[in-house]
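Survey of secondary and tertiary structure
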Amino acid sequence: MRSFPRTILYAVAGVLVIALISSALTMIIMNRTSGDRVVMSAEEYSEFSQIAALDDVMDSIEKEYYAEVPSREKMIAGAANGMLDTLDDPYARYYTAEEYEEYLAAINGEYYGIGLLVGQPNETGSEVLEVYQGSTSESAGIKVGDIITAVNGTNVANMDLDDLRALIDAKKADGVQLSILRGSETLDITVTGGNITVKHVDSALFNDRTGYIYVSMFTGNCADEFENAIKDLKSRNMKSLVIDLRNNPGGSLDIVVRVGEILLGKGMRIVSVGPTDSTEETVYNGKGSAIGVPVAVIVNENSASASEILAAAIQENEIGVVVGTNTYGKGVVQTTSYMESTGGWLKITTDAYYTPNGNNINGVGISPDILMELPEQYRRMAIPELVKNHQKEDTQLWEALDYVRERANEVS
């Protein structure tokens, strides 16, 4: 579709009316406020009238709907999301300005909400991966491993993860009602909001000078936190490194590339990104020196997107191994664009990403070099709690520790 002057496109927001002088060849559109006229061909007018139809629908709703009428902003957002629903894109979404501001606050780690990290919804619902310490969800009794099946009565099965987050962290004075599946038990729990602060990286130095870094999500200050953790561990004479990406749902491409640059040497490919129907791609490489110690990355079925980018980069550049179970398999990239006419933001899938060996893992995931299941009784436990309180039973962690320590001993 060709681009029309902005005076025309504002018809969607109700600024224009059609005052046309018709002929077989030309149409005239007049701005009611300024009196400006735009002349277009019949073909152009046909395209324009399809856009103007949205304005007609909103006019009819405002004049004839029997109950309270939503704002035009809400109607436009609904129309935009309706168009996105016609795409085969489970990650597409339109945000109002307020929704986008809340979304950014949530992923950056400081926001008003209920304090949950949740996984990609499946046909049942969304698993609670972490309950942030001190949050209202913790006080309400939400547990890691709970399956959220509905939010305020809305079924969340197979919902886009960002849409689910928006539902969960909605600012409601009377709280958010979560329908929970806990084993065979069904619960309805109402959780009020509160101020949440999330740290995305935790680190420690284990025995035998083995560094350990847990990354919950590649958002906010994650790259800076990761770099500081590496510097601290190196200053303490780290001899090997385990990176824990279990239950990490992904995050920003820019941030995971920054983390990859810290670990991979100059010229080592981190990831390439481009359209699926084109050879054009953007390649991201390491910039400095490789980490220089044996590395293992722990993943599971909830490790997705940016987590898979980093795991594949380490695996395929042969600077370390991947331990755990097959990952989620999200190999596409979303781009968010500002919509000047509405003040909203549009997120759609624009590219696929490819591992250093040129593989797209969408719907496939990454196969670990060392397959290791976690004992059943620990699979629904938050990773920080598992590592802190049940380290001896964490078979995936011990497999990773044994591997890097053995390699470190070979080097020394």
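This text follows the structure it describes.
Residues numbered from 1 in each chain as written. Predicted model: local features only at pLDDT ≥ 70, side-chain atom pairs only at ≥ 80, totals over all residues. Heavy atoms only, no water.

Some details on the overall build of the protein chain
Counting its regular elements, the protein chain contains 11 helices and 21 strands. Scored against the burial criterion, the 412 residues of the protein chain give a buried share of 48%. Surface summary for the protein chain: the accessible area is close to 20,100 Å², and the carbon and sulfur share equals 47%. (Helix = DSSP H or I, 4+ residues; strand = E, 2+ residues; numbered from the N terminus. Buried < 20%, exposed > 50% of the residue type's maximum accessible area, 1.4 Å probe, protein only. Areas by Shrake-Rupley, 256 points an atom, 1.4 Å probe, with all protein chains shown as cover.)

Quick look at the pattern of salt bridges
All chains considered together, the criterion is met by 23 salt bridges. A salt bridge links Asp 160 to Lys 347; its shortest N-O distance comes to 3.7 Å. Residue Asp 160 is found in the loop between strand 8 (154-155) and helix 6 (161-168), and its partner Lys 347 is found in strand 20 (residues 344-354); the two are separated by 187 residues along the sequence. Among the residues examined, Asp 160 registers a relative accessible area of 8% and is labelled buried. (Salt bridge = Lys/Arg side-chain N within 4 Å of Asp/Glu carboxyl O.)

Remarks on the pairing of strand 13 (residues 210-215)
With 6 of 6 residues buried, strand 13 lies mostly within the body of the structure. In strand 13, alternate side chains face the same way, and those of Thr 210, Tyr 212 and Tyr 214 on one face and Gly 211, Ile 213 and Val 215 on the other are all buried. For strand 12 (residues 201-206) and strand 13, the ladder comprises 6 bridges, and the chain directions are antiparallel. Its bridge partner being in strand 13, Val 201 is matched across the sheet by Val 215. (Pairing = 2+ DSSP bridges.)

Some details on the packing of helix 7 (residues 222-235) against helix 8 (residues 253-263)
Close contact between helix 7 and helix 8 brings their axes to 9 Å; oriented N to C, the two are set at 15 degrees. In terms of their interaxial angle, helix 7 and helix 8 are classed as roughly parallel. Considering how the two elements wind past one another, helix 7 and helix 8 form a crossing that is right-handed. Facing helix 7, whose interface residues are Cys 222, Ala 223, Asp 224, Phe 226, Glu 227 and Ile 230, helix 8 presents Ile 255, Arg 258, Val 259, Ile 262 and Leu 263. Grouping the amino acids of the contact of helix 7 with helix 8 by side-chain chemistry returns 8 nonpolar, no polar and 3 charged. (Axes fitted to C-alpha atoms, helices over the stretch in contact; angles between N-to-C directions. Parallel < 35°, antiparallel > 145°, perpendicular 65-115°, else oblique. Left-handed = near helix turned anticlockwise from the far one by under 90°. Contact = heavy atoms within 4.5 Å. Nonpolar A, V, L, I, M, F, W, Y, C, P; charged D, E, K, R; others polar.)

Thoughts on unusual backbone geometry
Of note in this structure, Asn 237 is not a glycine but carries a positive phi near 65 degrees. Looking at the secondary structure, you find Asn 237 in the loop between helix 7 and strand 14 (240-244). The phi angle at Ser 305 is positive, at roughly 60 degrees, despite the residue not being glycine. Among the structural elements, Ser 305 can be located in the loop between strand 17 (295-299) and helix 9 (306-316).

Considering helix 8
With 8 of its 11 residues buried, helix 8 lies for the most part within the structure. Turning to helix 8, its buried residues are Leu 253, Ile 255, Val 256, Val 257, Val 259, Gly 260, Ile 262 and Leu 263. Packing partners of the buried residues in helix 8 comprise helix 7, strand 14, strand 15 (269-274), strand 16 (282-285) and helix 9. Residue Ser 252 occupies the N-cap position of helix 8, its side-chain oxygen lying 3.2 Å from the main-chain nitrogen of Asp 254. (Polar contact = N/O pair within 3.5 Å; in protein donor to acceptor, adjacent residues only side chain to side chain.)

Overview of the packing of aromatic side chains
Geometrically, a pair of aromatic rings is defined through the distance of the ring centres and the angle of the planes. Counting across every chain of the model gives 7 aromatic pairs. Taking 5.6 Å as the distance between ring centres and 65 degrees as the angle between the ring planes, the aromatic pair formed by Tyr 95 and Tyr 100 counts as edge-to-face. For the pair formed by Tyr 95 and Tyr 100, the shared burial category is buried. The interplanar angle of 15 degrees and the centroid separation of 4.3 Å between the aromatic rings of Tyr 100 and Trp 345 together place this pair among those described as stacked. Residue Tyr 100 is located in helix 4 (residues 97-108), and its partner Trp 345 is located in strand 20; the two are separated by 245 residues in the primary sequence. Following the ring pairs from residue to residue traces out a cluster consisting of Tyr 95, Tyr 100, Tyr 103, Tyr 338 and Trp 345. Stacked on the ring of Tyr 91, the Lys or Arg Lys 330 has its end atom at 4.5 Å from the ring centre. (Phe/Tyr/Trp six-rings, centres within 6.5 Å; stacked < 30°, edge-to-face > 60°. Lys NZ or Arg CZ within 6 Å of the ring centre and 35° of its normal.)

Describing the side chain of Thr 325
Within the fold, Thr 325 resides in the loop between strand 18 (320-324) and strand 19 (332-339). Within the structure, Thr 325 has its side chain in polar contact with the side chain of Glu 301 (distance 3.3 Å). Ignoring any residue separated from it by four or fewer positions in sequence, one finds Thr 325 in contact with Val 299, Asn 300, Glu 301, Ile 366, Pro 368, Leu 371, Met 372, Glu 373 and Gln 396.

Examining the sheet that holds strand 21 (residues 370-371)
Spatial ordering of the open sheet is given by 12-13-14-17-18-21, a layout of 6 strands whose pairing is mixed. Every other strand in the sheet has two partners, leaving strand 12 and strand 21 as the edge strands with one partner each. Note that strand 13 and strand 14 share 5 bridges and pair parallel. Residue pairing in the sheet places Ile 213 in a bridge with Ile 243 of strand 14. Each of strand 14, strand 17 and strand 18 touches helix 9; the most contacted strand, strand 18, lies at about 130 degrees to it.

Regarding the packing of helix 8 against helix 9
Put simply, helix 8 and helix 9 touch, their axes get as near as 9 Å, and they point 25 degrees apart. The orientation of helix 8 with respect to helix 9, classified from their angle, is roughly parallel. Along this stretch, helix 8 crosses helix 9, giving a crossing that reads as right-handed. Of the residues in helix 9, those touching helix 8 at Leu 253, Val 256, Val 259, Gly 260 and Leu 263 are Ala 306, Ile 309, Leu 310 and Ile 314. Tallied by class, the residues present in the contact of helix 8 with helix 9 amount to 8 nonpolar, 1 polar and no charged.

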